[in-house]
Amino acid sequence: MYTLYTRPNCGLCEEAKVALRLIQEDYPINFREVNIEEDERLHEQYMLMIPVLAQQQDVLLYGKFGYGELLEALIL
């Protein structure tokens, strides 16, 4: 399970979600979205990095990323 850390009105976050949904069309991966603005600790940790894709505690990608970067990071 992957976690995508986002916040509302974030264009890069929307692009990351689209890329993840495209990946899901070809590969059986699951992700959950977490709004960092609902948790002060997460907001402080990721506010300058979002979107952030993590697996457990490991940050795989952050900032601007798309389908190609996801493929490499997820090693699919």
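Remember, predicted model here, so these are calculated numbers, not experimental data.

### Digging into the state of the cysteines
(1) Moving on: Considering all chains together, one arrives at one disulfide under this definition.
(2) Moving on: Each disulfide pairs two cysteine sulfurs, and for Cys-10 the partner residue is Cys-13, the sulfurs being separated by 2.4 Å. With the S-S bond torsion at 75°, the cross-link from Cys-10 to Cys-13 turns out right-handed.
(3) Moving on: For Cys-13, a relative accessible area of 1% gives the class buried.

### Points about the sheet that holds strand β4 (residues 58-62)
(1) Moving on: Spatial ordering of the open sheet is given by β2-β1-β3-β4, a layout of four strands whose pairing is mixed. Since the sheet does not close on itself, it has two edges, and those belong to β2 (31-35) and β4, each with one partner. Taking the axes of each pair of neighbouring strands and ignoring which way they run, one obtains an average angle of 25° across the sheet.
(2) Moving on: Note that strand β3 (residues 52-55) and β4 share four bridges and pair antiparallel.

Conventions adopted
- Residues numbered from 1 in each chain as written.
- Predicted model: local features only at pLDDT ≥ 70, side-chain atom pairs only at ≥ 80, totals over all residues.
- Heavy atoms only, no water.
- Disulfide = S-S within 2.5 Å.
- Buried < 20%, exposed > 50% of the residue type's maximum accessible area, 1.4 Å probe, protein only.
- Pairing = 2+ DSSP bridges.
- Helix = DSSP H or I, 4+ residues; strand = E, 2+ residues; numbered from the N terminus.
- Axes fitted to C-alpha atoms, helices over the stretch in contact; angles between N-to-C directions.

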